[in-house]
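Residue-level structural notes
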Amino acid sequence: MDQKYRNRQQHSLQLKLIRKGMLLLLLSLLACQVEEKTNTNTNTLEKVKEETNLNLQNATLEQSDADGKLLWKIQVDEARYSPDREKATLTAVKGNIFENGTLVLQIKADYGEIHGNGTKIFLRNNVLAIDPRNQMVIRSEEIEWQPHESLLTMRKDLQGFHPQLEVSANEGKYYTHKQKLELEGKIEAISKHKKIKMNTEHLFWEIQKQMVTSNKMSNIVRFEGDIITANLVAQKAVIHLNKHHILVRDNIEYKSVQPPLQVSASTILWNYKTHQLFSDEPVQLVQYKENITLIGNKAHIDLDNNIAYLKGKVKGINKNNQSILEANNLTWYILNQNIEAIGSVFYRQDKNPKFTLAGDKAVGSLKENTIVVTNSDEKERVVTEFFTNPK
């Protein structure tokens, strides 16, 4: 009996040991599976993280259109892409922008961003854009480039430099296809060698045509060295840089410092290089120091030689001496105030002694009220009338 009991206990112990061994083996297998799964998940997450956070160093980026033509190609010190690849932030940007295979802009900036898979490029801080076709240089603190619109938008502290003109403005747009610059805000434009300076709030500069236009009130100053010699204000202005002349319309007031002369008309063509003014519409000239006014239907004013030529219903008025001279055509020597009048001359003095003169020619001085009226036809007499005050 004792022997059987001992054998049964030994068999039971062996079974328990086998069960424990199997349990340990099972637990070991489960632990290995969990560890393998954990390692697999960890590797997958690291791979996804690596793919979503794409960073490029010293990279060259480029974009082409549907036809395979290069739109832009830029070099960066670093490019960081968003997980959806729709945006990239750039550091130390420089590169080229193309249109139909032609280089239209060379760009450079401290920072940049690419949006919409290359449909927009934003540049910030010390931005420089150069158009090699026309030598135009644009500086700004913030620029946006839209390849499909051929549009460069400058939103902050815009400056433009060109051999013919230098400009500054609050903001602007450059249409690369037309080589046309649009400026807005507080605008200042200075021509080569500082011949003229223009201030306005909106203008277009067509670089190929060498033409600047503005439909906003403009103030234009002419210089000789650092000295202002004339000032022009007008509602509309067109400057032809290659011809050195300005066509102005509406609300015009021109003022010359020397000689002291004001000119008003609805349209004036001003050659600021030769100091000539032309108007084919009614014009008024005022020598504002001597208070003498001349009016005519047309005028050519040569301020280099201080002579004005007026045509059509000309009238000269000396308000100080209360005298008026009328004629078909008149030449005015601005400095000494002498005149030569031809055709249907009529002179009237309202200050005592009151009188009138009529003939076909007159010479003299409006300032001094010394006018000689004659007839070229000796058979025709000069008509003189005196008026006395009734007692």
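Please read these numbers as outputs of a predicted model, since none were measured by experiment.

On to the overall build of the protein. Regarding its fold elements, the protein presents one helix and 30 strands. Going through the 391 residues of the protein one by one, you find that 39% of them count as buried. Intrachain contacts of the protein at a sequence separation of at least 6 include 37% that bridge at least 24 residues. Here the protein has roughly 22,800 Å² of accessible surface; of this, 50% comes from carbon and sulfur atoms.

Turning our eyes to something else, we now look at the packing of aromatic side chains. For the coordinates displayed, the defined rule picks out two aromatic pairs. Ring plane angle 75° and centroid distance 5.3 Å describe the contact between Y254 and W270, whose orientation is recorded as edge-to-face. Note that Y254 is positioned in strand β18 (residues 253–256) and W270 in strand β20 (residues 267–271), a separation of 16 residues in sequence. Residue Y254 shares its accessibility class with W270, and that shared class is buried. With a centroid separation of 6.0 Å and 50° between ring planes, the pair formed by Y347 and F355 is classed as tilted. Each member of the pair, Y347 as well as F355, is classed as buried. Taking the ring centre of F204 as reference, the NZ or CZ of K180 above it sits at 4.5 Å.

With that settled, the discussion passes to the pairing of strand β2 (residues 70–81). As paired elements, strand β1 (residues 55–64) and β2 share nine bridges and run antiparallel to each other. When the bridges of β2 are listed, S64 appears paired with L70. The turn linking β1 back onto β2 is made up of five residues, and G68 within it adopts a positive phi angle of 85°. In this sheet, strand β3 (residues 87–99) lies alongside β2 in antiparallel orientation, the contact comprising eight bridges. Bridged to R80 within β3 is T89. Count of turn residues in the β2/β3 antiparallel hairpin: five residues, of which R85 carries a positive phi of about 65°.

A word on the side chain of T293. Within the element layout of this structure, T293 appears in strand β23 (residues 292–296). The exposure class assigned to T293 is buried, which follows from its relative accessible area of 7%. T293 has contacts with Q284, L285, V286, K315, G316 and I317, leaving out every residue within four places of it along the chain.

So, on to the pattern of salt bridges. Summed over all chains, the structure comprises ten salt bridges. Between R124 and E113 there is a salt bridge, with its nearest N and O atoms 3.5 Å apart. Of this pair, R124 sits in strand β5 (residues 120–131) while E113 sits in strand β4 (residues 102–115), placing them eleven residues apart in sequence. On the accessibility criterion, E113 (16% relative accessible area) is buried. The closest approach of N and O atoms between K120 and E144, which form a salt bridge, is 3.8 Å. Residue K120 is located in strand β5, and its partner E144 is located in strand β6 (residues 136–146); the two are separated by 24 residues in the primary sequence. When its relative accessible area of 33% is taken as the criterion, K120 is described as partly exposed. Residue classification places E144 among the buried residues on the basis of a relative accessible area of 4%.

Let's shift gears to the nonpolar core. Judged by nonpolar contacts, the single largest core of 84 residues is most densely connected at W205, W270, L285 and W332. Those residues in contact with W332 that lie beyond four places of it in its chain are L261, L285, Q287, I292, L294, N306, I307, A308, Q337, N338 and I339.

This brings us to the confidence of the model for the protein. Mean pLDDT for the protein: 86, with 83% of residues reaching 70 or above. Note that pLDDT drops below 50 for residues 36–50; the model gives that stretch zero contacts with residues more than four away or on any other chain.

Attention now moves to the environment of V248. Looking at where V248 falls in the secondary structure, it is placed in strand β17 (residues 245–249). Residues V248 and I268 lie 20 residues apart in sequence; the distance between their C-alpha atoms is 5.4 Å. Each residue touching V248, except ones within four places of it in the same chain, is listed here: L232, A234, K236, A237, S266, T267 and I268.

Moving on, we get to the environment of N305. Inspection of the secondary structure puts N305 in the loop between β24 (298–302) and β25 (307–318). With 29 residues separating them along the chain, N305 and Q276 place their C-alpha atoms 9.5 Å apart. Side-chain polar atoms of N305 contact the side chain of D302, separated by 2.7 Å.

Moving on: the environment of Q276. For Q276, the location among the structural elements is in strand β21 (residues 276–279). On a C-alpha basis, the gap between Q276 and H245 in space is 9.1 Å, while along the polypeptide they are 31 residues apart. What Q276 contacts, discounting residues up to four positions off in sequence, is L269, W270, N271, H300, I301 and D302. In terms of polar contacts, Q276 uses its side chain to reach the side chain of D302, at 2.8 Å.

With that out of the way, let us pick up unusual backbone geometry. For the bond running from Q258 to P259, omega is 5°, close enough to zero to count as cis. Unusually for a residue other than glycine, N126 sits at a positive phi of about 55°. Examined against the element boundaries, N126 turns out to sit in strand β5.

The rules we used
Sequence order as written defines the numbering, with residues in each chain counted from 1. With pLDDT at 70 or above as the cut-off, local features in this predicted model cover only qualifying residues; side-chain atom pairs require 80 or more to be listed or tallied, and sums for whole chains, interfaces and linings still use all residues. Processing note: side-chain calculations cover all non-hydrogen atoms of the structure and skip hydrogens and water entirely. By the criteria applied, helices consist of DSSP H or I runs no shorter than four residues and strands consist of E runs no shorter than two, each listed in order from the N terminus. The buried label applies to any residue whose accessible area, calculated with a 1.4 Å probe on protein chains only, is under 20% of its type's maximum; exposed applies above 50%, and partly exposed to all values in between. We call two residues in contact whenever any of their non-hydrogen atoms come within 4.5 Å of each other. Calculation of accessible area relied on Shrake-Rupley with a 1.4 Å probe; when residues are assessed, cover is drawn exclusively from the protein chains displayed. Pairing of aromatic rings covers Phe, Tyr and Trp, the last counted by its six-membered ring, and requires centre-to-centre distances within 6.5 Å; plane angles under 30 degrees mean stacked, over 60 mean edge-to-face, and any other angle means tilted. A ring is scored as having a charge over it whenever the NZ atom of a lysine or the CZ atom of an arginine sits within 6 Å of its centre and within 35 degrees of its normal. We treat two strands as partners when DSSP finds at least two bridges between them. The term salt bridge refers to a side-chain nitrogen of Lys or Arg lying within 4 Å of a carboxyl oxygen of Asp or Glu. Only buried residues count toward a nonpolar core. Its members are Ala, Val, Leu, Ile, Met, Phe, Trp, Tyr and Cys residues joined through side-chain atoms within 4.5 Å. Confidence scores labelled pLDDT are given residue by residue by the predictor and lie between 0 and 100. Pairing of N or O atoms within 3.5 Å defines a polar contact, subject to two protein rules: one partner must be a possible hydrogen donor and the other a possible acceptor, and residues neighboring in sequence count only if both atoms are side-chain atoms.

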